[in-house]
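Here is what each chain is made of, one letter per residue.
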Amino acid sequence: MASPSDLQSPEAIEDFLDSLALSNWSTYGGNTTCIEIRDKEDKLVIIDGGTGLRELGNSILHEGYGVGKGKAIWIFTHTHWDHIQGIPFFVPLYTPGNKFEFVSSVENLEERLRYQHTFTHFPVPFDGFQAEKAFRHVPEGRAFRVTDSITAISKAVRHPGGSFSYRFEEDGKALIFASDAEFNLDEMENIEDYLNYFRGADVLVFDTQYTFEESLQKIDWGHSTASMATDIALRANVKKLVMFHHDPSYDDEKLDAVYLRAIKYKEMFDPDNQLEIIMAREGLEIQI
């Protein structure tokens, strides 16, 4: 219940809303995976192309993408449908003059994306996109330049059909995107190689789709838990853990409960509160 003091200024209102569970005032959203990164010069890097891509495309039209003056790097983790199904509805791809470089450790990425546009799946062929498209394959573990200021390196993670995580670095800051990654008890016994990869990240976006109990029934489904993510983040001295890739069967109240449970679990092993945990939601912005 809000008190008069909670409503006296925009800042007070924001603080009051932050004190509530998200399901009391908003929603986590239901679009599938699409992440936007901006470097220090505001150059655009896109990760994956789920249904969230449609809204991203509409939001950047005013930045030159509506008149053929847009340019972006596009990183792909893998090509499961929930990570590519937004591509046919990404308006900037239809505009002549825009330039997109598709970069991935996934082999034959272009062939996979073209397959989504066969006539039996979608009426517009891949070549119907009028924007300029280039493809670059980067082998796992080989550092590559994303923009003038961002470098990256990939690392394979356990997922049906294969998937890759990416560590992005700029001016000593590191962001790791590691969705669609299954870390179970077997991986935790041989985790040192991954800990070196995660070490010291400012932000770790990590797959936390299942509760621990559910994960025991879904071995080899390709997703992890908040407890596994927390253990890894603490051992690797990560500063901020973002719980990501929520189960589509969860409503907002269930996600609130999962988040609260994750916080309580962390408190048992992080008495000095060195690790911050937040839940991913549509529209979330993080400044690194």
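Everything here concerns the structure above.
Residues numbered from 1 in each chain as written. Predicted model: local features only at pLDDT ≥ 70, side-chain atom pairs only at ≥ 80, totals over all residues. Heavy atoms only, no water.

Caption draft 1: Examining the sheet that holds strand E2 (residues 44-47) more closely. As summarised here, the arrangement of the five strands in space is E1-E2-E3-E4-E5, forming an open sheet in which the pairing is mixed. Sheet topology places strand E1 (35-38) and strand E5 (132-137) at the edges, where each strand pairs with a single neighbour. Averaged over neighbouring strand pairs, the angle between their axes works out to 25° when direction is ignored. Both strand E3 (residues 71-76) and strand E4 (residues 99-104) contribute to a ladder of six bridges, which runs parallel. For alanine 72, the partnering residue across the bridge sits in E4 and is phenylalanine 100. (Pairing = 2+ DSSP bridges. Helix = DSSP H or I, 4+ residues; strand = E, 2+ residues; numbered from the N terminus. Axes fitted to C-alpha atoms, helices over the stretch in contact; angles between N-to-C directions.)

Caption draft 2: Local environment of unusual backbone geometry. Unlike most non-glycine residues, aspartate 42 shows phi in positive territory, near 70°. Turning to its location among the elements, aspartate 42 is positioned in the loop between E1 and E2. One non-glycine residue, asparagine 108, lies in positive phi territory at about 50°.

Caption draft 3: Summary view of the pattern of salt bridges. Applying the stated criterion to the full structure yields 16 salt bridges. Here arginine 114 ties to glutamate 110 by a salt bridge, and the two come within 3.1 Å at their closest N and O atoms. With arginine 114 and glutamate 110 both in helix H3 (residues 109-116) and four residues apart, this pair spans about one turn of that helix. Judged by relative accessible area, which is 31%, arginine 114 ranks as partly exposed. Its relative accessible area of 30% is what places glutamate 110 among the partly exposed residues. One salt bridge connects aspartate 127 with arginine 114, and the closest N-O pair in it is separated by 2.9 Å. Placement of aspartate 127 in the loop between H3 and E5 and of arginine 114 in helix H3 is noted, with a sequence separation of 13 residues between them. (Salt bridge = Lys/Arg side-chain N within 4 Å of Asp/Glu carboxyl O. Buried < 20%, exposed > 50% of the residue type's maximum accessible area, 1.4 Å probe, protein only.)

Caption draft 4: Here's a closer look at the environment of threonine 151. Looking at the element boundaries, threonine 151 is found in strand E7 (residues 151-157). On a C-alpha basis, the gap between threonine 151 and aspartate 171 in space is 9.7 Å, while along the polypeptide they are 20 residues apart. Discounting chain neighbours no more than four positions away, the residues touching threonine 151 are Phe144, Arg145, Val146, Arg167, Phe168 and Glu169. (Contact = heavy atoms within 4.5 Å.)

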